[in-house]
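The chain contents come next:
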Amino acid sequence: MNFLITGAAGFLGAALANRLAREGHQVRGLDDLSTGDPQSLGPDVHFTRGDVNDRPKLWTLLQDVDCVYHLAARVSVQESVLYPREYNAVNVGGTVSLMEAMRDVGVRRVVLVSSGAIYGDQGEQPLKENMTPNPRSPYAVSKLAAEFYVNTIGDLWNIETVSLRVFNAYGPGQHLPPSHPPVVPNFLRQALRGGSLVVHGDGSQTRDYVYVDDVLSALVAASTAPNLDGLTINVGSGRETPVRDLVRTVLAVTGSSAEPIYSPNTPGGVSRMCADLTLAGKKLNYHPSISLEDGLRLTLQRDPRLNK
Ligand code: NAD
C-alpha cells in the first residue's frame with residue numbers, strides 16, 4: 001500500500017514509518033521538524049520537510065496514497081496551557097487542512113492518532129469510548145476537535161475515518177524537550193544520572209502506560225481492518241498504574257536509588273486514566289502484550305540517549 005504519515009519524524013510517526021517500510025509498503029513522511037528528527041527515519045521512507053497546513057505540499061504528497069496516518073501535532077499538555085492558540089492552529093487547523101487536501105486529491109482513508117486525554121476526569125474507570133469527553137487542557141480540546149472534524153468531514157466527503165485514542169505511549173526515541181519532557185523517558189534519564197524524579201502531585205494519580213510496539217500493532221491494523229468507518233477506539237495497555245508505582249519500577253529496572261521529589265500538581269492534569277480495550281480487541285484484534293517492566297527495559301536497551 002501507499003501511505004502518507006504526517007508527523008513522521010516524531011516518536012510514534014518514525015516508529016510507524018520504519019515498520020511499514022520494512023513490511024514493503026511505500027511510505028511518504030511529512031514533518032516540519034519543530035520537534036521531530038529526520039535521522040530517526042530509515043532510508044526507505046521518503047521524507048519531506050513541511051508544515052501540515054501547507055496545502056500545495058499536501059496535494060503533491062497525497063497523489064496515489066491509499067491511507068493517511070495523521071500524527072503531526074503539538075503534544076504537551078502543560079505547554080498547551082500556555083499556548084492554546086498554537087495548539088489550535090496545528091492540531092485543529094492542520095487536521096482540517098489535511099482533510100480538505102484529501103478531498104481535493106481523492107484519498108479515501110485516514111487514521112487519526114487522537115489521545116486518551118480527551119476523557120479528562122471521569123466518575124469511573126476503565127475509560128470507554130462512549131463516555132462523554134471532559135477535556136481538561138487545550139491539548140485535549142484540540143485532539144477532540146480533530147476527531148470531530150475528521151468524522152464530520154469524512155461523512156460529508158465520503159472519506160473513511162478512524163480515530164485511535166492512544167494513552168501514555170512510551171519507548172525508545174520519544175522526544176525529550178528541556179521543558180515539560182514526557183514522564184517515562186524523563187524518569188529513566190534522571191534515574192540513570194542519579195538525579196531527582198520530580199512527581200507532580202502526591203503520586204497517586206494513575207496513567208495507562210503503553211509500549212510503542214503495542215501501539216504500532218493497533219496503528220498498523222487500523223489501515224486495513226474492515227468496518228472501522230467513523231469509529232473512535234482506545235489504544236492503551238488496559239492497566240492502571242499510579243505514578244508512584246512507575247517511579248518504583250523505574251528505580252528497579254535502572255538499579256537507581258534516586259529519591260522522588262513531590263511538587264505541586266500542574267494545571268491541565270487528570271487524576272485517573274485507564275483504557276477499556278474491548279472495542280480495540282474486537283475491531284483491531286488488539287491485545288497488548290508488553291508489561292511496564294519489560295517495556296522500560298526495552299526502552300533502556302534501545303535508546304542510547306538515556307544513558308548519556
Ligand atoms: P512527537 O512530538 O514526537 O511527534 C509529533 C511530530 O509532529 C513531531 O515530529 C513534530 O515535528 C511534528 N509536527 C508538529 N507540528 C507540525 C506541523 N505544523 N507540521 C508538520 N509536522 C508537525 O509526538 P508523538 O508522541 O510521536 O505523538 C504523535 C501523535 O500521537 C500526536 O498526534 C499526539 O497527539 C498523539 N499521541 C501521542 C501520545 C504519546 O503518549 N506519545 C499519546 C496520545 C496521542
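Residues numbered from 1 in each chain as written. Predicted model: local features only at pLDDT ≥ 70, side-chain atom pairs only at ≥ 80, totals over all residues. Heavy atoms only, no water.

Visitor: How would you sum up the site of the ligand? Please name residues and give values.
Guide: In the vicinity of the ligand, 28 residues are found, and the nearest of them are Leu12, Asp31, Tyr139, Lys143 and Ala169. At 3.3 Å, a side-chain N or O of Ser34 approaches an oxygen atom of the ligand. Contacts to the ligand include Leu71, whose backbone N or O atom sits 2.8 Å from an oxygen atom. For the ligand, whose unbound accessible area comes to 820 Å², protein coverage reaches 95%. Of all the elements in the fold, those that place two or more residues in the shell around the ligand are α1 (11-22), β5 (109-115), α5 (138-157) and β7 (168-170). Broken down by element, the residue count for the shell around the ligand peaks at three residues, all from β5. Of the residues in the shell around the ligand, the class split is 15 nonpolar, nine polar and four charged. (Near = heavy atom within 4 Å. Polar contact = N/O pair within 3.5 Å; in protein donor to acceptor, adjacent residues only side chain to side chain. Areas by Shrake-Rupley, 256 points an atom, 1.4 Å probe, with all protein chains shown as cover. Helix = DSSP H or I, 4+ residues; strand = E, 2+ residues; numbered from the N terminus. Nonpolar A, V, L, I, M, F, W, Y, C, P; charged D, E, K, R; others polar.)

Visitor: Describe the nonpolar core, with residues and values.
Guide: Judged by nonpolar contacts, the single largest core of 71 residues is most densely connected at Ile5, Leu16, Tyr69, Leu164, Leu284 and Leu296. Leave out the neighbours within four places in its chain, and Leu164 touches Val111, Leu112, Val113, Ser114, Ser115, Ala218, Leu219, Ala222, Ile233, Val235 and Leu284. (Core = buried A, V, L, I, M, F, W, Y, C linked by side-chain atoms within 4.5 Å. Buried < 20%, exposed > 50% of the residue type's maximum accessible area, 1.4 Å probe, protein only. Contact = heavy atoms within 4.5 Å.)

Visitor: I'd like a description of the environment of Leu296, backed by residues and values.
Guide: Position of Leu296 among the secondary structure elements: in helix α10 (residues 292-302). A C-alpha to C-alpha distance of 9.0 Å links Leu296 and Thr254, two positions 42 residues apart in sequence. Leaving out residues up to four positions away in the same chain, Leu296 has contacts with Tyr170, Val184, Leu188, Leu246, Thr249, Val250 and Val253.

Visitor: Summarise the packing of aromatic side chains; cite the residues concerned and give the values.
Guide: The full count for this structure, using the stated rule, is four aromatic pairs. With a centroid separation of 5.6 Å and 65° between ring planes, the pair formed by Tyr170 and Tyr211 is classed as edge-to-face. You can see Tyr170 sitting in strand β7 and its partner Tyr211 sitting in strand β10 (residues 209-211), a full 41 residues away along the chain. You'll find Tyr170 and Tyr211 in the same group, each marked buried. (Phe/Tyr/Trp six-rings, centres within 6.5 Å; stacked < 30°, edge-to-face > 60°.)

Visitor: Explain the side chain of Thr161 residue by residue, including any values.
Guide: Note on placement: Thr161 falls in strand β6 (residues 160-166). Of note is the side chain of Thr161, whose polar atom sits 3.1 Å from the side chain of Asn151. In this structure Thr161 touches Met99, Val110, Val150, Asn151, Gly154, Leu228, Asp229, Gly230 and Leu231, once residues within four positions along its chain are discounted.

Visitor: Requested: an account of the pairing of strand β2 (residues 26-31), with residues and values cited.
Guide: On any regular strand, side chains alternate: one points to one face of the sheet, the next to the other face. For strand β1 (residues 2-6) and β2, the ladder comprises five bridges, and the chain directions are parallel. Paired with Leu4 across the two strands is Arg28, which belongs to β2. Relative to strand β3 (residues 45-49), β2 is paired through five bridges, and the arrangement is parallel. Within β3, the position partnered with Val27 by the bridge is Val45. (Pairing = 2+ DSSP bridges.)

Visitor: An account of the packing of helix α4 (residues 84-105) against α5 is requested, with residue identities and associated values reported.
Guide: If you want to describe how two helices pack, look at the angle between their axes and the distance between the axes. Closest axis-to-axis distance for the α4/α5 pair is 9 Å, and the angle between their directions is 15°. Looking at the two axes, α4 sits roughly parallel to α5. For α4 against α5, the interelement crossing comes out right-handed. Here Pro84, Tyr87, Asn91, Val92, Thr95, Val96, Met99, Glu100 and Arg103 of α4 lie close against α5, whose contacting residues are Pro138, Tyr139, Ser142, Lys143, Ala145, Ala146, Tyr149, Val150, Ile153, Gly154 and Trp157. Across the contact of α4 with α5, the residue classes break down as 13 nonpolar, four polar and three charged. (Axes fitted to C-alpha atoms, helices over the stretch in contact; angles between N-to-C directions. Parallel < 35°, antiparallel > 145°, perpendicular 65-115°, else oblique. Left-handed = near helix turned anticlockwise from the far one by under 90°.)

Visitor: I'd like a description of the pattern of salt bridges, backed by residues and values.
Guide: The full count for this structure, using the stated rule, is twelve salt bridges. The salt bridge involving Glu86 is made with Arg74; its shortest N-O contact spans 2.8 Å. Of this pair, Glu86 sits in helix α4 while Arg74 sits in the loop between β4 (67-70) and α3 (77-82), and the two are twelve residues apart along the sequence. The salt bridge partner of Glu147 is Arg165, with a shortest N-O separation of 2.7 Å. Residue Glu147 is found in helix α5, and its partner Arg165 is found in strand β6; the two are separated by 18 residues along the sequence. (Salt bridge = Lys/Arg side-chain N within 4 Å of Asp/Glu carboxyl O.)

Visitor: Residues and numbers for empty space enclosed by the protein, please.
Guide: Counted according to the given criterion, the structure contains one cavity of 30 Å³ or more. Taken as a whole, the largest cavity spans an internal volume of roughly 40 Å³. Lining the largest cavity are His70, Leu71, Ala72, Ala73, Asn91, Thr95, Leu112, Val113, Lys143 and Ala146. Among the secondary structure elements, those contributing two or more residues to the lining of the largest cavity are α4, β5 and α5. (1 Å grid on protein atoms, 1.4 Å probe; cavity = no way out; pocket = protein on both sides within 12 Å on 5 of 7 lines; lining within 4 Å. Points joined across faces, edges and corners; volume = space filled by probe spheres on them.)

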